[in-house]
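Chains, contacts and geometry: an overview
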Amino acid sequence: LFNGVYPFYLQQRKVAVFDVSTIIVIVVFLTFTCSFLLIIPGIRGRARLYWTLRVLLSLLVGVVIVAVQYTGDWETGWVKANTSYKSFSHALVNADIGLHVGLGGVNVTLMGNPVNQVNETIDYNEYFAWSFDADYDHSYSEGLERGLPRPILYVAEKFTTQNPCSMSRQYRISSHYASATLWVAFCTWLISNMLFSMPVLVYGGYMLLVTGAFMIFSLLSFSTVRNSLMCPIQFGTATLHIVYGGSFWLTLATGLLCFVAGITVVALHYFNLNLLKTFFDLREDNAEEYQEMTEVYVNPHFVNKGL
């Protein structure tokens, strides 16, 4: 061993906190936010506050729509159990077993309690993809060949196509349509930003409503997995129950935010258009048209010439 690690073999996979794709999305939108904050001092008066509020809310909606595509906590569940660690072995371990379902696949986490048991460090996180360009059964077979711990293989086996529960097909289709509707919501979000930059604010409000509608449609699509038979994931007397996770509720909150913002824009268009134009910095200053001329300067040359 070299510092407790086998030098010529792959290290055990540890629990992942964030997906790399999610980090990339967050960094890109943070770059846009920082770039905007650098030009904020150049905006004068009350318009500075309005610009800041509009841009930050718009970027928040955009980053949520894209980031939840790659997160793995649309559904989550944890259970503490005493279970066998390896196949064909009677050794039992006390561990926390977690299941994290995303739109592109499932994460199965195994963490010992304590971490060091049976002369091993029990701290695993395995990802099995079920997107249309991935082969879930092949990933599961590779896990069998690598000799993954039995609890991980037991949970992952529930989502294989050969499993009588048929959970894989239902999750795969519902996740695919949920992802597709979210990308449509991202396109409508882009269109709404374009319309808000032109003097057609009411249509930007309508597109915000469409954005919120497609986000809700994605949630309804993902929720259809509950219509299928959910096979119990049993570890002795303990059962792993999964519930909607943070990404699901974040998408719901952002969709409702789009609805509120869209309804507000449409209502202001019909009831207080001047306030709406002021908020979007499109109000024309007509004060000069109503100013009276207090002094008149006449060129004597033209006056004499006219006389």
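Residues numbered from 1 in each chain as written. Predicted model: local features only at pLDDT ≥ 70, side-chain atom pairs only at ≥ 80, totals over all residues. Heavy atoms only, no water.

To continue, consider the pairing of strand 4 (residues 120-129). Across a regular strand the side chains alternate sides, sitting on one face of the sheet and then on the other. Across the 10 residues of strand 4, 7 count as buried, placing the element largely inside the fold. In this structure, the hairpin formed by strand 3 (residues 105-117) and strand 4 is closed by a connection of 2 residues, where valine 118 is found at a positive phi of approximately 45°. (Buried < 20%, exposed > 50% of the residue type's maximum accessible area, 1.4 Å probe, protein only. Helix = DSSP H or I, 4+ residues; strand = E, 2+ residues; numbered from the N terminus. Pairing = 2+ DSSP bridges.)

This paragraph deals with the UniProt feature "transmembrane region" (unreviewed entry) in the chain. Taking the numbering used here, the UniProt-annotated feature "transmembrane region" (unreviewed entry) corresponds to residues 20-39, 51-71, 91-110, 177-196, 202-222 and 242-271. Annotation note: span residues 91-110, helix share 0%, strand share 80%, distance between end C-alpha atoms 16 Å. For residues 242-271, the helix share is 87%, the strand share is 7%, and the end-to-end C-alpha distance is 46 Å. (UniProt positions renumbered as here; feature names shortened; annotations may be inferred.)

What follows concerns the packing of helix 2 (residues 47-67) against helix 7 (residues 246-271). Put simply, helix 2 and helix 7 touch, their axes get as near as 10 Å, and they point 140° apart. When the axis of helix 2 is compared with that of helix 7, the two are oblique. In the packing of helix 2 onto helix 7, the handedness of the crossing is left-handed. On helix 7, the residues that touch Leu57, Leu60, Val61 and Val64 of helix 2 are Leu250, Thr254, Leu257 and Cys258. (Axes fitted to C-alpha atoms, helices over the stretch in contact; angles between N-to-C directions. Parallel < 35°, antiparallel > 145°, perpendicular 65-115°, else oblique. Left-handed = near helix turned anticlockwise from the far one by under 90°. Contact = heavy atoms within 4.5 Å.)

Looking now at the nonpolar core. Residues Leu99 and Tyr171 are the most contacted members of the largest nonpolar core, which totals 67 residues. Top contributing element to this core by residue count: helix 2, with 9 residues. Apart from the residues within four sequence positions on either side, leucine 99 is in contact with Glu75, Thr76, Gly77, Val106, Asn107, Val108, Val155, Phe159, Ile233, Leu240 and Ile242. (Core = buried A, V, L, I, M, F, W, Y, C linked by side-chain atoms within 4.5 Å.)

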